[in-house]
Amino acid sequence: MKIIDKDEQRKTPYITAYKKYINSNITSFDVPGHHQGIIRTDFDKLFPHEVYKNDVNCPIGMDNIMHPRGCIKEAQNLFAKACNADYARFLINGSTSGNLIMIMSCVKAHEKIILPRNVHKSVINALILSGAVPVFAMPEIDLQTEIANQISFKEWKKVIDNNLDAKAIFIINPTYFGATTNLEKVVKYAHSKNMIVLVDEAHGTHFYFSNKLPISAMDAGADMSTLSVHKTGGSLTQSSVLLIKGNRVNPYDVNKTFNMLTTTSPSSLLLASLDGARKYLVFHGSNKIYQAIKLARYSIEEINKIPGFKAHGKEHFLKNGAYDYDQTKVVVEIDKLKLTGFNIYRILKEKYQIQVELGETYVFLCLFTIGTTKKHADNLINALKDISLKYYDSKITYQDHHYMKDFPKTVLRPREAYHAPLKIVPLKDALNCISKEMIMIYPPGIPLIIPGEKFSQDVILELAYYKKINANIVSDWEGSNEVSVVDMDLFDKK
Ligand SMILES: Cc1ncc(COP(=O)(O)O)c(C=O)c1O
């Protein structure tokens, strides 16, 4: 970890320029057209007139996100320094755009990229847009909770050695559920084979501000990383940061792709929230994250006293394919309850006003963050005690697991399948058809099938099960019980 210049980090260049602009009593003839809230909508009335008043675009004095030279550049530099990176760019369309930018600026059509199969949908979209050839490395699967964890160093090495012509590797640090791989070792090995290392740290912003968490991408020597600062770093939803280190990545290619994918009307609220979150994390992050870890540990202990639930922490994940673990996450397994994780996700919200991050068949996931308090933890524990009283049944044997043992086979490049002729078939008849689209449960947004993969019996059963229990399936084709596949008759004639 690099030593941070705390005096410099006290500055908030974007917020300073922003305040000056807002307080300068501007007569506006520019966008946004509400002109700092002259009109009053119902939305505006929700707040004490603050959001509209402070919503401006890129006026004079507030720099330009397409080619920062002023306060955005200064704020980005401070962010880069706080994270031991050489260069940072603020993102206002989440790590979704970070993943697109990283892959599109480093890997061209027909070049190979090595990546885990349990990536977020944005990564698959990046493959479609870039035309890259994916080579999937397989994560370790925890069959008890049905969670795909991390890729062992052995698997990374095997896939890298078998694909020495790959341009880049892509690592998730950490996964949605908190597992990390041996990042330093994988980065070193990939670099020794001249591969660029890209890291999805959508769930890892806090790693940069605590020594009690797994190593961050920049500290491990990776070339580029995207952080959803809004997820665990305290900025506003959508605001994220792209970090770059070293000289393996060409900044020109990054800028080109950034400007292709980024709105020309960035929200000042989002940008200012990044500047504020960085300063907050530098000065308070370490303490707040330590508190979150202690609350997570306390909750695990308490939840494990409640019949029907098994809360898992670091030890469980280290036994199931993780090299290290983000202890601000608590995965709770359902054990002898007449409910699924999907049911509990809903019941917690509807009956107890508790919103957890995600529910799946056998687990639900709670995030403990810089915003979590003891009262929050106790509310959760008490709600689970109440649920246990109503739904615990010691006679229930563990429900059938539906997990796909194998991910489906890739037979076309995602881009090729995306552009191929369309055919709609009933799900039950889709065996061996090639998917044209991604289908997933959201959250977490990890596709069950992606464009170019063949429908296997496992995928069909899995999807039929999710439809039956009315899970939140996200797909592009809206017809129920049908899927969109490549029309091979027309494809072969191309
Ligand atoms: C692993 C992973 N990567 C990327 C993203 C996209 O991040 P964002 O929501 O900031 O666009 C997510 C979102 O949940 C994610 O889980």
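Residues numbered from 1 in each chain as written. Predicted model: local features only at pLDDT ≥ 70, side-chain atom pairs only at ≥ 80, totals over all residues. Heavy atoms only, no water.

Focus on the overall build of the protein
The number of helices and strands found in the protein is 18 helices and 20 strands. The C-alpha atoms of the protein give a radius of gyration of 23 Å, which matches the 23 Å a tight globule of 494 residues would have. Its C-alpha atoms put the protein at 65 × 60 × 50 Å along the principal axes. In the protein, buried positions account for 55% of the 494 residues. Counted over contacts in the protein with a minimum sequence separation of 6, partners at least 24 positions apart contribute 72%. Averaging the coordinates of the 61 positive side-chain charges in the protein and doing the same for the 52 negative ones gives two points 3 Å apart. (Helix = DSSP H or I, 4+ residues; strand = E, 2+ residues; numbered from the N terminus. Rg over C-alpha atoms; globule rule 2.2 N^0.38 Å. Buried < 20%, exposed > 50% of the residue type's maximum accessible area, 1.4 Å probe, protein only. Contact = heavy atoms within 4.5 Å. Lys, Arg positive; Asp, Glu negative; His and termini not counted. Charge placed at Lys NZ, Arg CZ, Asp CG, Glu CD.)

Details of the pairing of strand S10 (residues 240-244)
Of all the 5 residues making up S10, 5 are buried; the element is thus mostly covered by neighbouring parts of the structure. Burial along S10 is two-sided: Ser240, Leu242 and Ile244 and Val241 and Leu243, pointing in opposite directions, are all buried. Note that strand S1 (residues 87-91) and S10 share 5 bridges and pair antiparallel. Paired with Phe90 across the strands is Val241, a residue of S10. With 4 bridges connecting them, strand S9 (residues 224-227) and S10 associate as antiparallel partners. Looking at S10, one finds that Met224 is bridged to Ile244. (Pairing = 2+ DSSP bridges.)

Comments concerning the pattern of salt bridges
All told, the structure shown has 20 salt bridges when counted by the stated rule. A salt bridge links Asp253 to Lys256, with the nearest nitrogen and oxygen atoms 3.3 Å apart. Here Lys256 and Asp253 lie together in helix H11 (residues 251-261), a separation of 3 residues that amounts to about one turn. Among the residues examined, Asp253 registers a relative accessible area of 22% and is labelled partly exposed. Its salt-bridge partner being Asp386, residue Lys390 comes within 3.3 Å of it at the nearest N-O pair. (Salt bridge = Lys/Arg side-chain N within 4 Å of Asp/Glu carboxyl O.)

A look at the site of the ligand
In the vicinity of the ligand, 14 residues are found, and the nearest of them are Thr96, Asp200, His203, Ser228 and His230. With respect to the ligand, the side chain of Asp200 contributes an N or O atom lying 2.6 Å from a nitrogen atom. At 2.7 Å, a side-chain N or O of His203 approaches an oxygen atom of the ligand. When the ligand is considered free in solution it has 390 Å² of accessible area, and contact with the protein chains removes 90% of it. Those elements that provide at least two residues to the shell around the ligand are helix H6 (94-106) and helix H10 (229-232). Of all the elements, H6 adds the most residues to the shell around the ligand, at 4 residues. Looking at the shell around the ligand, its residues break down into 3 nonpolar, 9 polar and 2 charged. (Near = heavy atom within 4 Å. Polar contact = N/O pair within 3.5 Å; in protein donor to acceptor, adjacent residues only side chain to side chain. Areas by Shrake-Rupley, 256 points an atom, 1.4 Å probe, with all protein chains shown as cover. Nonpolar A, V, L, I, M, F, W, Y, C, P; charged D, E, K, R; others polar.)

Remarks on the packing of aromatic side chains
If you walk through the whole model with that rule in mind, you get 10 aromatic pairs. Judged by centre distance (6.1 Å) and plane angle (50 degrees), the ring pair of Tyr176 and Phe177 falls under tilted. Here Tyr176 and Phe177 have matching classes, each one buried. In textbook terms, an aromatic cluster arises when at least three aromatic residues are bridged by ring pairs, as seen for Phe43, Phe47 and Tyr52. Across the ring face of Phe258, the terminal group of Arg89 is positioned such that the distance to the ring centre comes to 3.8 Å. When the ring centre of Tyr290 is taken as origin, the NZ or CZ atom of Lys212, which lies over that ring, is 5.0 Å away. (Phe/Tyr/Trp six-rings, centres within 6.5 Å; stacked < 30°, edge-to-face > 60°. Lys NZ or Arg CZ within 6 Å of the ring centre and 35° of its normal.)

A short note on the sheet that holds strand S18 (residues 447-449)
One open sheet accounts for 3 strands, arranged S18-S17-S19; its pairing is antiparallel. The open sheet has two free edges, formed respectively by S18 and strand S19 (473-474), since each of these has just one partner strand. Of the pairings in the sheet, the one linking strand S17 (residues 439-441) to S18 comprises 2 bridges and is antiparallel in character. Among the inter-strand pairings, Met440 is bridged to a residue of S18, identified as Pro447.

Focus on the nonpolar core
Counting residues in hydrophobic clusters, the biggest one holds 90 residues, and the most contacted among them are Ile113, Ile169 and Leu198. Excluding anything up to four places from it in sequence, Ile169 contacts Ile114, Trp156, Ile160, Val186, Ala190, Met195, Ile196, Val197 and Leu198. Judged by nonpolar contacts, the second largest core, of 28 residues, contains Ala296, Ile303, Ile334 and Ala377. (Core = buried A, V, L, I, M, F, W, Y, C linked by side-chain atoms within 4.5 Å.)

Describing the packing of helix H12 (residues 268-303) against helix H15 (residues 374-391)
Between H12 and H15, the shortest axis-to-axis distance is 10 Å and the interhelical angle comes to 15 degrees. Relative to H15, the element H12 lies roughly parallel. You can see that H12 and H15 cross each other, and the crossing is right-handed. Contacts between H12 and H15 pair Leu295, Tyr298, Ser299, Glu302 and Ile303 from the former with Lys374, Ala377, Asp378, Leu380, Ile381 and Leu384 from the latter. For the contact of H12 with H15, the residue count by class is 7 nonpolar, 1 polar and 3 charged. (Axes fitted to C-alpha atoms, helices over the stretch in contact; angles between N-to-C directions. Parallel < 35°, antiparallel > 145°, perpendicular 65-115°, else oblique. Left-handed = near helix turned anticlockwise from the far one by under 90°.)

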